[in-house]
Amino acid sequence: MVSDPRWCPTDGLVRQLAVEFGTPLYAIDEASFRSKIRDYRASFLKFDAGAVLTFASKANSVVGVLRIAHSEGCLIDCASEGELRAALMAGVPAKDCHLHGNNKSRSELDFAIDQEIGQIVADNREELELILDAASGAEVVLRLAPGVLPITNEKISTGQSDTKFGFSIDDGDAERAVKFCIDSGLNLVGFHCHVGSQLLDPEAQIAAGQILAEFARSMHDRYGFDVKILNVGGGRAVSYTDEQPVPLDEYNDRLVGGVRVALEGSGLRPVLVQEPGRSLIAEAGVTIYQVGVVKDVARSGGGRRRFVVVDGGLADNPRPALYGARYGIIGVSGDGRELGELSPATVSGRHCEVDQLFEDVDLPNDLRAGDFVAVLTTGAYSSSMASNYNRYPRPMTVLVREDGRFSVLQRAENFEEMLSREVLPEDLK
Ligand SMILES: Cc1ncc(COP(=O)(O)O)c(C=O)c1O
């Protein structure tokens, strides 16, 4: 039997965390996060000893999280100056980071260059001109659109030709960008692609790795370009409910194998990079909410609906609203009493909009105000996507240490901080 890859805290731990730190609360299990990175690295390096694993900080850019990722041997992928600043604050040297982004500003590029960033992953021609203008000698990697369509939610598909990301290989944009770099003396070192996220079927990503390698090979044949870095992005899927991603070794074996076959006999030996986010941290995180209201209402179309309303929602986890994301959910009594049988419920948040988190999930039939709901697999794209919608301060992140202690990694925002940017002009007072 395959063990559940998701961190699932005991009822006692959920209660303890909720009582000590309040709700809503993001909790990360240190042991689980570290072991996800170790497993991924061990597997990737088994198939390519020179490979490099990078953590995509957009998944979770809490500074303590970045520190752990780096301490486990990951480099850090930053998609903005803010993410780069978070990595620097975590003590990660800029040379261990690369900068993504499909519309980088001049000041963002200048900041990264001043810090001596590892690489800039250039997305478009305008950006190449800006880098050239900065005359820095920074290493440049070109983001390419390999023209593959992954099987995943369309909002997280990025590898197709009809995309805003990168230089298209199919229409010759990628080759023109290589030529531009060579002719203008930019320090081009490699190529990057990212085809999409939560890829349960990794076929498109494997194909993209091969296409990237074939492209590198043809740039070698045509222009003598010696590729140093091939970055095949992130995208590996995780288990939110009962999904079963392809086993890690099979995934890495096929990904690395495809690239190496495409480069065989070319004399090219680039470092192979992956930059997953979700698959390293999602399953190590849980969000704890407190139930405030339970309502039984007539359901349109017949029958009854039990609403379990919690003290969070859209602002701390927009994924259900964005993609209809589903999760494993457990109900925990607030007072330690034994809970009843499971029956369907609709978990709803406290925000305007419908803010329906999860429809028809099984929760104990006697869950009531004061009890807790723990949502599994929320380590990625929850805190990093949080907002202040309806003027709720953003929640705290707590790390459950390997020795059982708790460490606050990010304290909850307070109302003063949330309102600190407001300016009321004199004549409006
Ligand atoms: C360029 C890039 N790299 C890496 C990632 C991380 O993807 P994932 O969290 O699915 O591994 C993303 C996610 O959107 C991305 O856009």
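Keep in mind that this is a model prediction, so the values were computed, not measured. (Residues numbered from 1 in each chain as written. Predicted model: local features only at pLDDT ≥ 70, side-chain atom pairs only at ≥ 80, totals over all residues.)

### Remarks on unusual backbone geometry
Convention followed: A helix here means a DSSP run of H or I that spans at least four residues, while a strand means a run of E at least two residues long, and both kinds are numbered starting from the N terminus.
The residue after threonine 23, namely proline 24, is reached through a cis peptide bond having omega -5 degrees. In this structure, proline 24 sits in the loop between helix 1 (11–21) and strand 1 (25–29). Within the chain, glutamate 116 stands out as a residue other than glycine whose phi angle is a positive 65 degrees. Checked against the element boundaries, glutamate 116 lands in the loop between helix 5 (106–114) and strand 5 (119–122).

### Overview of the site of the ligand
What counts is decided by this rule: Nearness between a residue and a molecule or strand is assessed with a C-beta atom placed from the backbone; a distance within 6 Å qualifies. Residues are grouped as follows: Ala, Val, Leu, Ile, Met, Phe, Trp, Tyr, Cys and Pro are nonpolar; Asp, Glu, Lys and Arg are charged; all remaining types, including Gly, are polar.
For the ligand, the set of nearby residues contains 17 residues, the closest of which are Ala56, Ser197, Gly234, Gly277 and Arg278. Its residues placed into classes, the shell around the ligand shows four nonpolar, eight polar and five charged.

### Remarks on the pairing of strand 10 (residues 271–274)
We count it as follows: By definition, two strands form a pair when at least two bridges between them are found by DSSP. Consider the strands pointing away from the viewer: the crossover is right-handed when the path from the first strand over the helix to the second runs clockwise.
The pairing of strand 2 (residues 52–56) with strand 10 spans two bridges and is classified as parallel. Across the sheet, the residue bridging to leucine 53 is glutamine 274, located in strand 10. On the question of chirality, the crossover connecting strand 9 (residues 229–231) to the parallel strand 10 by way of helix 9 (residues 248–263) is right-handed.

### Let's talk about helix 2 (residues 30–47)
Keep this limit in mind: To estimate the expected span of a helix, count its residues, drop one, and scale the result by 1.5 Å. Partly exposed residues are those whose C-beta has more than 12 but fewer than 20 other C-beta atoms within 10 Å; 20 or more makes a residue buried and 12 or fewer makes it exposed, with C-beta atoms placed from the backbone.
For helix 2, spanning 18 residues, the distance from its first C-alpha to its last is 26 Å, which sits close to the expected 26 Å at 1.5 Å a residue. Among the residues making up helix 2, those that are buried are Glu30, Ser32, Phe33, Lys36, Ile37, Tyr40 and Phe44.

### Points about the environment of valine 238
Rule in force here: By the criterion used throughout, residues are in contact when their C-beta atoms, derived from the backbone, lie within 7 Å.
With respect to the helices and strands, valine 238 occurs in the loop between strand 9 and helix 9. We classify valine 238 as buried; it has 22 C-beta atoms within 10 Å. When the C-alpha positions of valine 238 and arginine 278 are compared, they lie 7.2 Å apart, and in sequence the two are 40 residues distant. Residue contacts for valine 238: discarding those within four places in its chain leaves Pro245, Arg278, Ser279, Ala282, Glu283 and Thr377.

### Comments concerning the pairing of strand 8 (residues 187–192)
With five of six residues buried, strand 8 lies mostly within the body of the structure. Pairing geometry for strand 6 (residues 139–145) and strand 8, over five bridges, is parallel. Looking across to strand 8, one finds that arginine 143 is bridged to histidine 192. Relative to strand 9, strand 8 runs parallel, the two sharing three bridges. When the bridges of strand 9 are listed, histidine 192 appears paired with asparagine 231. Assessed by its sense of winding, the connection that carries the chain from strand 8 through helix 8 (residues 203–223) to strand 9 is right-handed.

### Notes on the domain arrangement of the protein chain
Spelled out, the test is: Domain extents, as shown, originate in an automatic or database domain assignment.
Taken as a whole, the protein chain is organised into domain 1 (31–282) and domain 2 (283–419). Relative to domain 2, the C-alpha centre of domain 1 lies at a distance of 33 Å. On the side of domain 2, 20 residues touch domain 1, which itself brings 21 residues to the contact. Sorting the residues of the side of domain 1 that touches domain 2 by element identifies helix 2, helix 3 (63–71) and helix 10 (278–281) as the ones contributing at least two each. With four residues, helix 2 is the largest single contributor of residues to the side of domain 1 that touches domain 2. Counted by class, the side of domain 1 that touches domain 2 contains nine nonpolar, eight polar and four charged residues.

### A word on the packing of helix 8 against helix 9
Inclusion rule: Comment: axis = line fitted to C-alpha atoms, over the contacting stretch for helices; angle = value between 0 and 180 degrees taken between N-to-C directions. Any angle from 65 to 115 degrees is called roughly perpendicular, while one under 35 is roughly parallel, one over 145 is roughly antiparallel, and all others are oblique. For any pair of crossing helices, the crossing counts as left-handed if the nearer helix is rotated counterclockwise from the farther one by less than a right angle, and right-handed if it is rotated clockwise.
Their axes nearest at 8 Å, the elements helix 8 and helix 9 cross at an angle of 25 degrees. Considered as vectors, helix 8 and helix 9 are oriented roughly parallel to each other. Regarding helix 8 and helix 9, the two cross each other, and that crossing is right-handed. Contact with helix 8, carried on its side by Gln205, Ile206, Gly209, Gln210, Ala213, Glu214 and Arg217, involves Arg254, Leu255, Gly258, Val259, Ala262 and Leu263 of helix 9 and no other residues of that element. Classifying every residue of the contact of helix 8 with helix 9 gives six nonpolar, four polar and three charged.

### Some words on helix 4 (residues 81–89)
The periodicity of an α-helix, 3.6 residues per turn, causes residues three or four places apart in sequence to face the same way. Keep this limit in mind: The arc in question is the one spanned by the directions pointing from the helix axis to the C-beta atoms.
Residues of helix 4 that are buried: Glu83, Leu84, Ala86 and Ala87. One side of helix 4 carries all its buried residues, which in axial view fall inside an arc of 155 degrees. Opposite the buried face of helix 4, at more than 90 degrees from it, the exposed residues are Gly82 and Met89. Looking one or two places after helix 4, you find glycine 91, whose phi comes out positive at around 85 degrees.

### Here we look at the nonpolar core
Keep this limit in mind: A set of buried residues qualifies as a nonpolar core if it consists of Ala, Val, Leu, Ile, Met, Phe, Trp, Tyr and Cys joined through C-beta atoms within 7 Å.
Val140, Leu142, Leu212 and Leu230 are the most contacted members of the largest nonpolar core, which totals 121 residues. In terms of domain composition, this core takes at least three residues from each of domain 1 (31–282) and domain 2 (283–419). Other than its neighbours up to four places away in sequence, valine 140 contacts Gln119, Ile120, Ala122, Ile131, Cys181, Leu186, Asn187, Leu188 and Val189.

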